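Structure at a glance
Below, each chain spelled out in residue letters.
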Amino acid sequence: KALRKQGKVDQWWSRNLMAVYEFTVQRSKWIWWSLPVGLAVALWGISMVSTNYNITDNLPEGYKITEDFMYFEKVFGGYRPYEYALEAQDEGEVWDYEKMKVISELETYLRQLDYVQRVNGPAEIFSFLHMYQHKNKIDSFRFPPSQGEYEQYKDQLSRLGAQTATQNLIGRNGKKARVSSTIQDIGADSVKWAQAHIREWFEDKAEEANLSFKATGTGVILDKNAEYVRSSLLSGLLMAVGIVSLIMALLFRSGSMLFIALVPNIVPLVMAGALLGFTSTELEAGIAIIFAVVFGIAVDDTIHFLSKYKLARNKGLDQETALQITFTETGKAILLTSIILFAGFMILFFSAHPPTRTVGWLIAVTLVSALAADVMIIPLLLRRFGKKL
């Protein structure tokens, strides 16, 4: 005040920030009661969060690559690779009749599933040979019913060069085989359910034939990578909460202040989770990053608010006077920072990339909840638990 005269703009800020302060005083009971209600609604939304993300959700809208993807999905029965690796567990090879017959049963079963397409496997070759020997009748397309016929077809393959015909499906030592197919983009969690369903059906048959089998291929790697990134981001968030808690404990040297600082920063995280559930947005790796970003920004405003309050209290001011000074002097900085960040992240809303657009509006909306938590909840917590601070 000694350096410059307070103008109309400063008076406007002071007047409106004091109105917010007065609201926390007059409507404190209303704010307290709204917390459990809001938490219950948020937990309901969080319970609906799904991780069943689709590849199509990550494709840019209106671009040629998306058009090509959808063409493959519609015409060729799926883009996502879906494969099984099988290996002989005894002295025999996958070329043995009983083992190849079990592999044929797996191929036939996969062809019957609506979401699986273009099944290719080593037993399919023998089904084609069997159909060829029966004048190419469609109903003859099946695995040889007798071992004698199978050995006859196997001998034909050896003369034609069986290694060339099956080099992408059977290993050179004859111990390993691969059943390859594509699956429609039904979602990562749905694919896991399908794998469990197929395993339950095929496990006993494979064990009887001394075969081990497991899902493999780039589709499995893609899902595992997404799950790893998602879990790493969330575990990193928990680590960040722990580190911030330690820093705040050292900064304020008070357990009560640590509690007061953490509560409003949990609110935007819960808000973000609830929004994911209510908007049916799948929690995948690109979306999970919002929790770390929101927490980092929210903590910054909280430290700013509480530091100013602590400085005012250290000067010997009473609690309400310290809160008024904090609102008028720090409230403006917090509000302007939130507005700038809100506008910055809302730019992402115009992206053609759906996950980027989702990250933009989710962070922008949860920043508003972080601001509301700082200016509404912190004063109530200070009055209830921080009277001696």
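As shown above, the structure is provided for reference.
Let me sum up the structure you'll find in this document.

Rules of the game
- Note that residues are indexed from 1 along each chain, following the sequence as it is written.
- Restriction of local features to residues with pLDDT of at least 70 applies here, the model being predicted, together with a cutoff of 80 or more for giving and counting side-chain atom pairs; totals for whole chains, interfaces and linings are based on all residues.
- The side-chain values count all of the structure's non-hydrogen atoms but skip hydrogen atoms and water molecules.
- Numbering of helices and strands runs from the N terminus, with a helix taken as a DSSP run of H or I at least four residues long and a strand as a DSSP run of E at least two residues long.
- In what follows, a contact means two residues having at least one pair of non-hydrogen atoms within 4.5 Å.
- Residue exposure (1.4 Å probe, protein chains only): buried if accessible area is under 20% of the type maximum, exposed if over 50%, otherwise partly exposed.
- Two strands pair under a simple rule: DSSP has to find at least two bridges between them.
- Put simply, buried Ala, Val, Leu, Ile, Met, Phe, Trp, Tyr and Cys residues joined by side-chain atoms within 4.5 Å make one nonpolar core.
- Here, a salt bridge means any Lys or Arg side-chain nitrogen found within 4 Å of an Asp or Glu carboxyl oxygen.
- A cavity here means a set of points on a 1 Å grid, drawn over the protein atoms and nothing else, where a 1.4 Å probe fits but cannot get out; a pocket is an open set with protein on both sides within 12 Å along at least five of seven lines, and a residue lines either one if it has an atom within 4 Å of a point.
- Grid points are joined across faces, edges and corners, and a volume is the space filled by probe spheres set on the points.
- Lys, Arg, Asp and Glu make up the charged group, whereas Ala, Val, Leu, Ile, Met, Phe, Trp, Tyr, Cys and Pro make up the nonpolar group; the residues left over, Gly among them, are polar.

**A look at the environment of L341**
Structurally, L341 can be placed in helix α12 (residues 319-346). Measuring from C-alpha to C-alpha, the distance between L341 and G62 comes to 28 Å, with 279 residues separating the pair along the chain. Setting aside anything within four residues of it in sequence, one finds L341 in contact with I297 and L367.

**A short note on the pairing of strand β3 (residues 176-183)**
By the criterion of burial, β3 is predominantly enclosed, with six of the eight residues buried. As paired strands, strand β1 (residues 80-88) and β3 are joined by eight bridges and run antiparallel to one another. Looking at the pairing, L86 lines up with A177 of β3. Bridging between strand β2 (residues 116-120) and β3 involves three bridges; their strand directions are antiparallel. Directly across from V116, in β3, lies its bridge partner I183.

**Some details on the nonpolar core**
Among the nonpolar cores identified, the biggest contains 44 residues, and I290, F291, F305, L306 and L382 are the most heavily contacted of them. Among the elements of the structure, α9 (218-252), α10 (255-278), α11 (285-314), α12 and α13 (354-385) are those that each provide at least two residues to this core. Of the residues forming this core, the biggest block, 13 residues, is contributed by α13. Residues Y82, W95, I183 and F213 belong to the second largest nonpolar core, which totals 36 residues.

**Re the pattern of salt bridges**
Scanning the entire structure with this criterion turns up eleven salt bridges. Across the pair K99 and D96 runs a salt bridge, and its minimum N-O distance is 4.0 Å. A relative accessible area of 31% places D96 in the partly exposed class. Among the ionic pairs, E107 bridges to R111, the shortest N-O distance being 3.8 Å. Here the residue E107 and the residue R111 both occupy positions in helix α4 (residues 97-112), the gap between them amounting to four residues, near one helical turn. Relative accessible area serves as the criterion here: at 32%, R111 is assigned to the partly exposed category. Through salt bridges that share partners, D90, D96 and K99 make up one connected network.

**Considering empty space enclosed by the protein**
Tallied over the entire structure, the rule returns two cavities of 30 Å³ or more. Roughly 50 Å³ of internal volume is contained in the largest cavity. Lining the largest cavity are T51, Y53, A188, D189, K192, D223, E227 and R230. Secondary structure elements with two or more residues in the lining of the largest cavity: α8 (188-208) and α9. The class makeup of the residues in the lining of the largest cavity is two nonpolar, one polar and five charged. As for the second largest cavity, its lining consists of R80, P81, Y82, E83, I183, V191, Q195, T216, G219, V220 and D223. Of all elements in the fold, only β1, α8 and α9 reach the threshold of two or more residues within the lining of the second largest cavity. Among the elements that line the lining of the second largest cavity, the one with the most residues is β1, at four residues.

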